[in-house]
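If you want the building blocks of each chain, they are given just below.
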Amino acid sequence: MSELEKKKTEFEARIREFVGLPEGPPYLCPDAVNEAMIRHWCDAMGDQNPAYLDADAAAETVHGGLVAPPTMLQSWEMRGYPMHDATRLLPQNNQRKLHAAFDEAGYTGVVATDTEQEYARYLRPGDRITAETTIESISEEKATALGIGYFIVTRSVFSDEQGEEVGNLSFRVLKFKPAQEAQAAQESAAAPAKPTRIRSPYGHDNGWWWEACQEGRLLIQKCSGCGELRHPPRPMCGSCQSTEWDSIEASGRGSVYSFTVLHYPPIPGYDFPCPVGLIDLEEGTRICANIAGVEPEDIHIGMKVECMFDDVDEGLKLPFFYMVE
Amino acid sequence: MSNSLSERAAIVGIGATEFSKASGRSELQLALEAAKAAIDDAGLEPADVDGMVTFTMESSEEIAVARGLGIPKLTHFSRVHFGGGAACGTVQQAAMAVATGVSKAVICYRGFNERSGRRFGAGRQGRTPDIPAALPTDWYAPFGLVTPAAWVAMFARRYMHEYGATSEDFGRVAVADRRHAATNPKAWFYDRPISLEDHQKSRWIVEPLHLLDCCQESDGAVALLVTSSERARDLRQPPAIIRASAQGSSFEQEMMTSYYRDDISGLDEMGLVGDQLWEMSGLRPDDIRTAVIYDHFTPFVLTQLEELGFCKRGEARHFIADGRIELDGELPLNTHGGQLGEAYIHGMNGIAEGVRQVRGSAVNQVDAVENVLVTAGTGVPTSGLILGRA
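Residues numbered from 1 in each chain as written. Chains lettered and ligands numbered in written order. Predicted model: local features only at pLDDT ≥ 70, side-chain atom pairs only at ≥ 80, totals over all residues. Heavy atoms only, no water.

Novice: Explain the overall build of chain B to me, using residue names and the numbers behind them.
Specialist: Along chain B, the regular secondary structure elements total 12 helices and 11 strands. Over its C-alpha trace chain B gives a radius of gyration of 19 Å, about what one expects of a compact globule, namely 21 Å for 390 residues. The dimensions of chain B, computed from C-alpha atoms along their principal axes, are 55 × 50 × 40 Å. Counting only residues that meet the buried cut, chain B has 65% of its 390 residues in that class. Considering only contacts in chain B between residues 6 or more positions apart, those separated by 24 or more positions represent 77%. (Helix = DSSP H or I, 4+ residues; strand = E, 2+ residues; numbered from the N terminus. Rg over C-alpha atoms; globule rule 2.2 N^0.38 Å. Buried < 20%, exposed > 50% of the residue type's maximum accessible area, 1.4 Å probe, protein only. Contact = heavy atoms within 4.5 Å.)

Novice: Any chance you could break down the interface of chain B and chain A for me, citing the residues and the numbers?
Specialist: Facing the 40 residues of chain B at the interface are 38 residues of chain A. Summed over both sides, the interface of chain B with chain A buries roughly 3,500 Å², with 64% coming from carbon and sulfur. Where chain B meets chain A, there are one salt bridge. Arg-234 of chain A serves as the salt-bridge partner of Glu-252 of chain B, at 2.6 Å between the closest nitrogen and oxygen. Our count for the contact surface shared by chain B and chain A stands at 18 residue pairs in polar contact (both at pLDDT 80 or more). When contributions to the side of chain B that touches chain A are tallied by element, the ones reaching two or more residues are helix H4 (148–163) and strand S5 (204–207) of chain B. The greatest single-element share of the side of chain B that touches chain A, amounting to six residues, is contributed by H4 of chain B. (Buried area = accessible area lost by both parts, 1.4 Å probe. Salt bridge = Lys/Arg side-chain N within 4 Å of Asp/Glu carboxyl O. Polar contact = N/O pair within 3.5 Å; in protein donor to acceptor, adjacent residues only side chain to side chain.)

Novice: I'd like a rundown of the packing of helix H5 (residues 167–182) of chain B against helix H9 (residues 299–307) of chain B, residues and numbers included.
Specialist: For any two helices packed against each other, the geometry comes down to the angle between their axes and how far apart the axes lie. Residues and elements named next belong to chain B. Where H5 meets H9, the axes come as close as 8 Å, and the angle between the chain directions of the two elements is 90°. With respect to their mutual orientation, H5 and H9 come out roughly perpendicular. Side by side, H5 and H9 meet where Asp-169, Phe-170 and Val-173 of the first sit next to Pro-299, Val-301 and Leu-302 of the second. Here the contact of H5 with H9 is built from residues that sort into five nonpolar, no polar and one charged. (Axes fitted to C-alpha atoms, helices over the stretch in contact; angles between N-to-C directions. Parallel < 35°, antiparallel > 145°, perpendicular 65-115°, else oblique. Nonpolar A, V, L, I, M, F, W, Y, C, P; charged D, E, K, R; others polar.)

Novice: Lay out the packing of aromatic side chains in plain terms, naming residues and giving numbers.
Specialist: Two aromatic rings, taken as a pair, are described by how far apart their centres are and by the angle between their planes. Considering all chains together, one arrives at 21 aromatic pairs over all chains under this definition. For the ring pair Phe-11 of chain A and Tyr-150 of chain A, a centre distance of 5.8 Å and an interplane angle of 70° mean the geometry is edge-to-face. Taken together, the residues Phe-11 of chain A in helix H1 (residues 3–16) and Tyr-150 of chain A in strand S5 (residues 148–159) connect sequence positions 139 residues apart. We note that Phe-11 of chain A, like Tyr-150 of chain A, is buried. For the pair Trp-209 of chain A and Trp-139 of chain B, a centre-to-centre distance of 5.0 Å together with 80° between the ring planes defines the contact as edge-to-face. On the criterion of chain membership, the pair formed by Trp-209 of chain A in helix H7 (residues 207–214) and Trp-139 of chain B in the loop between strand S4 (105–113) and H4 is interchain, its members lying in two chains. The pair formed by Trp-209 of chain A and Trp-139 of chain B is uniform in burial state, with each residue classed as buried. Aromatic ring contacts, followed pair by pair, group Tyr-140, Phe-155, Tyr-259, Tyr-260 and Phe-300 of chain B into a single cluster. Cation over ring: Arg-286 of chain A sits above Tyr-257 of chain A, and NZ or CZ is 3.5 Å from the ring centre. A cation sits over an aromatic face here: Arg-203 of chain B above Tyr-264 of chain A, 4.5 Å from the ring centre. (Phe/Tyr/Trp six-rings, centres within 6.5 Å; stacked < 30°, edge-to-face > 60°. Lys NZ or Arg CZ within 6 Å of the ring centre and 35° of its normal.)

Novice: Hey, could you go over the domain arrangement of chain A for me, with residue numbers and the actual values?
Specialist: Partitioning chain A into domains gives domain 1 (3–33 + 68–187) and domain 2 (207–323). Computed from C-alpha atoms alone, the centre-to-centre distance between domain 1 of chain A and domain 2 of chain A is 40 Å. (Domains from an automatic or database assignment.)

Novice: Any details on helix H2 (residues 62–69) of chain B? Residues and values, ideally.
Specialist: Residue and element names in this part refer to chain B. Along H2, the residues classified as buried are Glu-62, Ala-64, Val-65, Ala-66 and Leu-69. Looking at the buried residues of H2, the elements they touch are helix H1 (27–42), strand S2 (51–55), strand S3 (76–80) and S4. Looking one or two residues past H2, Gly-70 carries a phi angle of roughly 75°, positive in sign.

Novice: Can you tell me about the nonpolar core, naming the residues and giving the values?
Specialist: Ranked by size, the top nonpolar core spans 92 residues in total, and within it Leu-145, Tyr-259 and Leu-373 of chain B carry the most contacts. Take this core: its biggest share by element is 11 residues, from H4 of chain B. (Core = buried A, V, L, I, M, F, W, Y, C linked by side-chain atoms within 4.5 Å.)

Novice: Summarise the packing of H1 of chain A against helix H5 (residues 94–104) of chain A; cite the residues concerned and give the values.
Specialist: Residues and elements named next belong to chain A. At their nearest, the axes of H1 and H5 sit 10 Å apart, and the two run at 170° to each other. Taken together, the axes of H1 and H5 are roughly antiparallel relative to one another. Where H1 abuts H5, its residues Phe-11, Arg-14 and Ile-15 lie against Leu-98, Ala-101, Phe-102 and Glu-104. Residue composition of the contact of H1 with H5, grouped by class: five nonpolar, no polar and two charged.

In structure tokens:
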């Protein structure tokens, strides 16, 4: 491992320790929900909904009185100028510490990318809101137009004085090395980001199978109704129409039913020539996967193989079928 | 004629753009030009058209084609799924619409810039398909199977293993197609025949497929005009009566990757299409003098001849030896040059060739053609037609 890779590994280990941590203690929003802030917000947004602005008219609505625009949710906890001045934030603020770690490593840029909000109820003047923010996730390193960086997602849950959730939001920022620095860094040592294999999307019907692969387990779906094994997975048994199913772990032993060797076009992220086989597993199902550990010209139909899981990309293990003597 | 659809409708107009590698115009314009040519060919006006059928993959919407042509009303519009497997299915849809009186004249069309625009052969793009709706499952791309050639290769290898077929057997299909294209001025490979040696020396794409086992990628459009057999008699061209039309999808069907059947040396869905075609038409393979057999990749031409009953399972390599499928043979195939030689227009150019053979106007005309069998895309849920003289 090169020095640069080592540094990156250490850095990633350091930042990932923050995932799951609260930003800090629960934060009691400085002002109760109030008409003045609502009015400023509505002015700024050009929203003239009387339910937010006119107490008499609001009394006639389903709300029975003034309410705050739901999209104001985050504004109640905003901390104004201190957000731009780290020295005025509490030293134990984990998000601040996380950003500082990024800054030290050269990821000095920050840009908010998107937010998603959910509302449990309308807020009314007088509500006193507490926000609890957690560092939810940090992505893999990404190459973006701004520069190389990581997406950090925080989630804030807002609750009222009774402790009932009134809404929550996720907020995503990109911490990045401004492009020029990134380029300089790349020129100095690092190789360009290696293209990765195409991943299967994980859905209801197949995600569990790929997740087991990441644990190095080759599973076969088994109908709980009639016991039939099936691959690829699907939500219903074609023999008995049961939607109940379980899975068994395959021995990984099988034989080559058919195969091909890919030459063209060379798809980035794969090694060419690339042998791919249809493997008849000894349990009776068939699976498509790469064949490894043998020269392409020595692969033949009927060849005995055994499954091993290899790391092909960061966070991606795939089954490979190796020739058995 | 066990099926009421037999002989109820006919193809009365065919139209196409030139076939190229870079059309230099929009896919919509290609579709419009082909549709206009098909209407002209039939001696009709755009206002006579009241139905449209195309592929789900088609980018030009029926209403855009209608607007372009100035068609005032449409009473039937539908699309057929599964790539090239849709080709003959569009004609079946049109025939059903016409036979039931839902529409009077239906345009079937397909046009694309498949070479200068998005190339199917380039494989799936994008590293992380993060929209599950786009592809509910993908059991192949993580392992590198991302192109149609790769999906087909898996079947081809097993077929070779089961029946002793060789790459040269596949190559004979390419040689026949290119021979026919060589005398078709509209074919991309006009005047450029190949030898079996050329085929064998061409580079690997995905073993066991060489470059010359794979059809070309083309820009162009083809349109067909379908109306009732009764009305067809009064129109400009001799009609190509639709004796039979069928679609087929079989057990454990996938799109190009039906790998989980007990035996993958056949194409069950094409067998299903064939059975219906023979039953509906009352014809037998002996009644077919020439055929257009979908040829995106050569191995499936052999498989189709078996599934359609032209020869027994595993015997296609003997059947096609000695030039039987070439112009002076007993069963010339793909007399326009096929998709390897003329153009890859998702099978629609093959239907047009079937019509020309029935009319007697093909550039490589076969003698005494009464009936032509045409198939659509293979490895996918597919379709077929038998067209005949009135």
